[in-house]
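Now for the letters of each chain:
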Amino acid sequence: AMTQLGDTAAAVSQYEQALAIEPGNAVAAVNLAELFVAQSDLRRADTYYRLAAAAGPRSIEQALTIQDYFDQLIAKIKENISIRRFVRYQVGKNE
């Protein structure tokens with residue numbers, strides 16, 4: 001809501017508060033990342049995209065796909081990125 005009102009600083013603060021309460025909140029992490037992409041702060045955006053991805057693929061399905069992430073990154077940096085294979089490893093869990 002704050003981003004729609006143009007108050008980016010307030011939006012960042014609210015998403016950071018949401019993550020402080022619920023660190024695995026992939027939606028808040030992706031929204032923060034998108035705010036930082038819009039500000040051309042790709043380093044901070046990458047941090048929050050990684051946080052969302054660490055929450056697990058199911059938790060970010062509704063927020064962002066891997067393709068969406070790279071489409072946004074390509075648009076910002078004006079370089080083509082090609083992913084041939086994407087593998088997620090999980091260490092220390094037996095199912």
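Model, not experiment: these values are computed from the prediction.

Rules of the game
- Residues numbered from 1 in each chain as written.
- Predicted model: local features only at pLDDT ≥ 70, side-chain atom pairs only at ≥ 80, totals over all residues.
- Heavy atoms only, no water.
- Helix = DSSP H or I, 4+ residues; strand = E, 2+ residues; numbered from the N terminus.
- Expected span 1.5 Å × (residues − 1).
- Buried < 20%, exposed > 50% of the residue type's maximum accessible area, 1.4 Å probe, protein only.
- Arc of directions from axis to C-beta.
- Axes fitted to C-alpha atoms, helices over the stretch in contact; angles between N-to-C directions.
- Parallel < 35°, antiparallel > 145°, perpendicular 65-115°, else oblique.
- Left-handed = near helix turned anticlockwise from the far one by under 90°.
- Contact = heavy atoms within 4.5 Å.
- pLDDT = per-residue confidence, 0-100.
- Salt bridge = Lys/Arg side-chain N within 4 Å of Asp/Glu carboxyl O.

Visitor: What's the story with helix α3 (residues 42–54) in this structure? I'm lost.
Guide: Because an α-helix packs 3.6 residues into every turn, residues spaced three or four apart end up facing the same way. Taking 1.5 Å per residue, 13 residues should reach 18 Å; α3 reaches 18 Å between its end C-alpha atoms and fits that length. Buried residues of α3: Ala45, Tyr48, Tyr49, Ala52 and Ala53, and no others. The arc enclosing the buried residues of α3, seen along the axis, measures out at 145 degrees, which places them on a common side. Projecting away from the buried face of α3 at angles above 90 degrees are the exposed residues Arg43, Arg50 and Ala54.

Visitor: How should I be thinking about the packing of helix α1 (residues 8–21) against helix α2 (residues 26–38) in this particular structure?
Guide: Between two packed helices, the angle of one axis relative to the other and the distance separating the axes together describe the packing. It is the contact of α1 with α2, at a shortest axis distance of 9 Å, that shows an interaxial angle of 150 degrees. It follows that α1 is roughly antiparallel to α2 by the angle criterion. Read as a crossing pair, α1 and α2 show a hand that is left-handed. Taken together, the residues of α2 that come into contact with α1 (itself represented by Thr8, Ala11, Val12, Tyr15, Glu16, Ala18 and Leu19) are Ala28, Ala29, Asn31, Leu32, Leu35 and Phe36.

Visitor: Mind showing me how you'd approach the confidence of the model for the protein here?
Guide: Where the model shows low pLDDT, its predicted coordinates should not be examined in detail. Per-residue pLDDT for the protein has a mean of 76; in total, 65% of the residues score no lower than 70. Ranking the elements of the protein by mean pLDDT puts helix α4 (residues 57–60) last, at 59, and α1 first, at 90. Across residues 1–5, where pLDDT falls below 50, the model places six contacts with residues more than four positions away in sequence or in other chains.

Visitor: In this structure, what is going on with the pattern of salt bridges? I would like to understand it.
Guide: Across all of its chains, the model carries two salt bridges by this definition. Residues Glu16 and Arg44 are paired through a salt bridge, measuring 3.7 Å at the closest nitrogen-oxygen approach. Placement of Glu16 in helix α1 and of Arg44 in helix α3 is noted, with a sequence separation of 28 residues between them. Its relative accessible area of 32% is what places Glu16 among the partly exposed residues. Between Arg50 and Asp46 there is a salt bridge whose closest N-O contact spans 2.6 Å. Taken together, the positions of Arg50 and Asp46, both in helix α3 and four residues apart, correspond to about one turn of that helix. Given the relative accessible area of 56%, Arg50 is considered exposed. Accessibility expressed as a relative area gives 22% for Asp46, which makes it partly exposed.

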